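In case you want the letters, here they are:
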Amino acid sequence: MAGQTLEHVLAASEMLGGILQHGHKVALTRLTAAQTEEATDIGFSIYSEGPGAIEEALDTIRKSSSATAVQAGPLAYYGKLFDWLDRRSNAVDPGPIRDILRDHIVKHSAVEPGTKVLGAEITERRYHTLYSLSKAVEIERPRLSRLLKKLGEIPQEATEVESGKMVFEVARIVPLIDAFSTAIPLSEVPVYLGASKSQVKRLYRHGTLQPLIPTTGRGSVRRVVFARRHLDDLLARVAELPELGAQNDDFHPISYACQRGAGHFEEIFAEALEGRIMAFRHPGRTGIDAIQVDVKSLMQVNASS
């Protein structure tokens, strides 16, 4: 409360406590002296604990709102608190509670860029509704809703109204949708990674390859797809292996090593990328097919274990 006037503190405390005690449509002027004192005490006990406590109180106020419309705005969610700050901010500085409420609104509502909230223009979108996200990623809302349920972003049992009221963080949800839009189906992964079908199936069963959408549990899908970035990261690790120099008859592809009894493909592959065994990259090949390992050494280790 440092730097605030007594008027700031008392007015904010009274309004905060009044709404928590008497609801979103409270008329402070109609409260009895005892009710006003009680509301002020409650608000002050929260206000004096700082921004964190005020944000928790705002969470409670927002959750207790009776607003059900998808397009419900700050007035519906915060009631007289928003109305008071919105009108007061045009003439008198109400203190830091205005900034705290504005941040809370932006964190929990899909505010359009250019919108003025409590005297300040919001220049960057931080959250999407299902409707605005549908427009941004150019996917029809019914299909997008199904996709988000498969991705675990919307509960499976959520109704259309409940889904419409949800908000999604831009920084996280847009890359996730982009990843799905450019995902590689399982049938195309062998070519993409430069591997055989059996090798890819082994990496998939082993957990080295993680599908973009979980294939077990509610909302799972039969069509297994992988994020392009996930596959590119795996290829980048292969590319980091040192290039095989002079011809060495002891180094061969992992598939050859497995045929000679050196071990399971998925295990040798992991050990090669993690540097636990000596591995190189064939200059004339790409992807997993380029990995060369010392077959004799692996066979000796496997035989002694």
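How each quantity is defined
- Residues numbered from 1 in each chain as written.
- Predicted model: local features only at pLDDT ≥ 70, side-chain atom pairs only at ≥ 80, totals over all residues.
- Heavy atoms only, no water.
- Helix = DSSP H or I, 4+ residues; strand = E, 2+ residues; numbered from the N terminus.
- Expected span 1.5 Å × (residues − 1).
- Buried < 20%, exposed > 50% of the residue type's maximum accessible area, 1.4 Å probe, protein only.
- Arc of directions from axis to C-beta.
- Phe/Tyr/Trp six-rings, centres within 6.5 Å; stacked < 30°, edge-to-face > 60°.
- Pairing = 2+ DSSP bridges.
- Axes fitted to C-alpha atoms, helices over the stretch in contact; angles between N-to-C directions.
- Polar contact = N/O pair within 3.5 Å; in protein donor to acceptor, adjacent residues only side chain to side chain.
- Contact = heavy atoms within 4.5 Å.

A.B. asks: Teacher, can you tell me more about helix H2 (residues 33-47) here?
C.D. replies: In an α-helix, one turn spans 3.6 residues, which is why side chains three or four residues apart end up on the same side. Over its 15 residues, H2 extends 20 Å from the first C-alpha to the last, a length consistent with the 21 Å expected when each residue adds 1.5 Å. Residues Thr36, Ala39, Thr40, Gly43, Ile46 and Tyr47 constitute the buried set of H2. Projection of H2 onto a plane perpendicular to its axis shows the buried side chains occupying an angular sector of 125°, all on one side. What points out from H2, more than 90 degrees from its buried face, is the exposed set Ala34 and Glu37.

A.B. asks: I tried to follow the packing of aromatic side chains on my own but got confused; where do I start?
C.D. replies: The geometry of two aromatic rings is summed up by the distance between their centres and the angle between their planes. In the structure shown here, the tally under the stated rule is three aromatic pairs. With 5.7 Å between their ring centres and 85° between their planes, Tyr204 and Phe226 make a pair best called edge-to-face. One end of the pair, Tyr204, is in helix H12 (residues 197-206); the other, Phe226, is in strand S6 (residues 225-226), and 22 residues separate them in sequence. When its relative accessible area of 0% is taken as the criterion, Phe226 is described as buried. Ring geometry for Phe265 against Phe269: centres 5.9 Å apart, planes inclined by 25°, an arrangement best described as stacked. Remark: Phe269 and Phe265 occur in helix H15 (residues 265-273); sequence separation between them is four residues, near one turn of the helix. The class of Phe265 is buried, set by a relative accessible area of 5%. The exposure class assigned to Phe269 is buried, which follows from its relative accessible area of 1%.

A.B. asks: Looking at this structure, how should I read the sheet that holds strand S9 (residues 291-294)?
C.D. replies: The pairing of strands in a sheet happens through backbone hydrogen bonds and is either parallel or antiparallel. Pairing in this open sheet of three strands is antiparallel, and the strands run S7-S9-S8 from one edge to the other. The strands lining the two open edges of the sheet, one partner per strand, are strand S7 (251-253) and strand S8 (279-281). On average, adjacent strands in this sheet sit at an angle of 40° to one another, irrespective of strand direction.

A.B. asks: Is there a simple way to think about the pairing of S9 in this case?
C.D. replies: Burial along S9 is two-sided: the face carrying Ile291 and Val293 and the face carrying Gln292 and Asp294 are both buried. Pairing analysis gives three bridges linking S7 to S9, with the strands arranged antiparallel. For His252, the partnering residue across the bridge sits in S9 and is Val293. Looking at chain direction, S8 and S9 are connected through three bridges and run antiparallel. Pairing of Phe280 across the sheet is with Gln292, part of S9.

A.B. asks: What's the story with unusual backbone geometry in this structure? I'm lost.
C.D. replies: Among all residues except glycine, the phi angle is most often negative; among peptide bonds, the trans geometry is most common. Unusually for a residue other than glycine, Leu118 sits at a positive phi of about 50°. Examined against the element boundaries, Leu118 turns out to sit in the loop between strand S1 (116-117) and strand S2 (120-121). Leu118 sits in the buried class, given a relative accessible area of 1%. The phi torsion at Glu138 lies on the positive side, around 60°, for a residue other than glycine. Relative to the assigned elements, Glu138 resides in the loop between helix H7 (130-137) and helix H8 (141-150). With a relative accessible area of 72%, Glu138 lands in the exposed category.

A.B. asks: In this structure, what is going on with the side chain of Arg125? I would like to understand it.
C.D. replies: Relative to the helices and strands, Arg125 is located in the loop between S2 and strand S3 (127-129). Of the polar contacts made by the side chain of Arg125, one reaches the backbone oxygen of Tyr127; its length is 2.9 Å. Not counting chain neighbours up to four residues away, the residues in contact with Arg125 comprise Ala110, Val111, Glu112, Pro113, Ser132 and Val170.

Function cannot be read off these values alone, since they describe shape.
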